[in-house]
Amino acid sequence: FMMGVTTIAQVADGGIAGLERKTKALVRRLLGSQSMARTLFLRFVRLDDIRLSPQIHPANRDRLEIFLAIAALVLLLACINFVNLTLARSLRRAVEVGIRKAAGAGRGMLMAQFLGETVLQALMALCVAMALAEWSLPLVNSYMQSGAVFRWWRDPPLLATLVGGTALVGVAAGLYPAL
């Protein structure tokens, strides 16, 4: 509600405690001796303290931590599975590797081929993952009761991190089979 002609400078002088005092006095003045005026609890919190404060939304914070742990576990399992499948596929390609060696391909060329294929696969998987993230964000927002937005195309550092991390996973997955 409006606090009369109190300016921002006056509120800033008293800080949050001063704002709480003035608001409580205003509520008492407006509600008088009603029982609600005595039981009403007002607390002001700075906007930058709300972010993941357990006092504000403990259920949402718990959900977020659970989802982050699940996401990290899924990513770890996906990386292990990707390395395993790449290794299994590379063993089946032993005939191709033999033919390429007979045709004059060196170890470096074969390593570059294996690494290039796995990095390309990982980057294609990133594209699919980004599309799925865009598609599922409204569902996640409704479940988490949040208004999160994911504008990766407008955030160059995030995009660079995603592409770099994906390339790193691709190199890690293709390094062992390439060697």
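The present account deals with the structure reproduced in this document. (Residues numbered from 1 in each chain as written. Predicted model: local features only at pLDDT ≥ 70, side-chain atom pairs only at ≥ 80, totals over all residues. Heavy atoms only, no water.)

Within the protein chain, the secondary structure is distributed over 7 helices and 0 strands. Out of the 179 residues belonging to the protein chain, those deemed buried represent 18%. Summarising the internal contacts of the protein chain: among those between residues at least 6 apart in sequence, 55% fall at separations of at least 24. Summed over its atoms, the accessible surface of the protein chain is roughly 13,100 Å², and 69% of this surface lies on carbon and sulfur atoms. (Helix = DSSP H or I, 4+ residues; strand = E, 2+ residues; numbered from the N terminus. Buried < 20%, exposed > 50% of the residue type's maximum accessible area, 1.4 Å probe, protein only. Contact = heavy atoms within 4.5 Å. Areas by Shrake-Rupley, 256 points an atom, 1.4 Å probe, with all protein chains shown as cover.)

Before going further, it helps to spend a moment on the side chain of Gln113. For Gln113, the location among the structural elements is in helix H6 (residues 107–144). By relative accessible area, Gln113 is classed as buried at 17%. Sequence-distant contacts of Gln113, that is, excluding residues within four places in its chain, are made with Arg93, Glu96 and Arg100.

Here the focus is H6. A maximum bend of about 45° is found in H6 at Ser136, where proline Pro138 lies one to four positions downstream. Every buried residue of H6 is listed here: Leu110, Gln113, Phe114, Leu115, Thr118, Val119, Ala122, Leu126, Met130, Leu137, Asn141 and Met144. Gln145 sits one or two residues past H6 and shows a positive phi near 55°. (Bend = angle between axes of the 7 residues up to and from the residue.)

Turning our attention to the packing of H6 against helix H7 (residues 156–178). Closest axis-to-axis distance for the H6/H7 pair is 8 Å, and the angle between their directions is 140°. Relative to H7, the element H6 lies oblique. The two elements H6 and H7 meet at a crossing, and its hand is right-handed. Contacts from Met111, Phe114, Leu115, Thr118, Val119, Ala122, Leu123, Leu126 and Met130 in H6 reach Leu162, Val163, Thr166, Ala167, Gly170, Val171, Gly174, Leu175 and Ala178 in H7. Considering only residue class, the contact of H6 with H7 consists of 14 nonpolar, 4 polar and no charged. (Axes fitted to C-alpha atoms, helices over the stretch in contact; angles between N-to-C directions. Parallel < 35°, antiparallel > 145°, perpendicular 65-115°, else oblique. Left-handed = near helix turned anticlockwise from the far one by under 90°. Nonpolar A, V, L, I, M, F, W, Y, C, P; charged D, E, K, R; others polar.)

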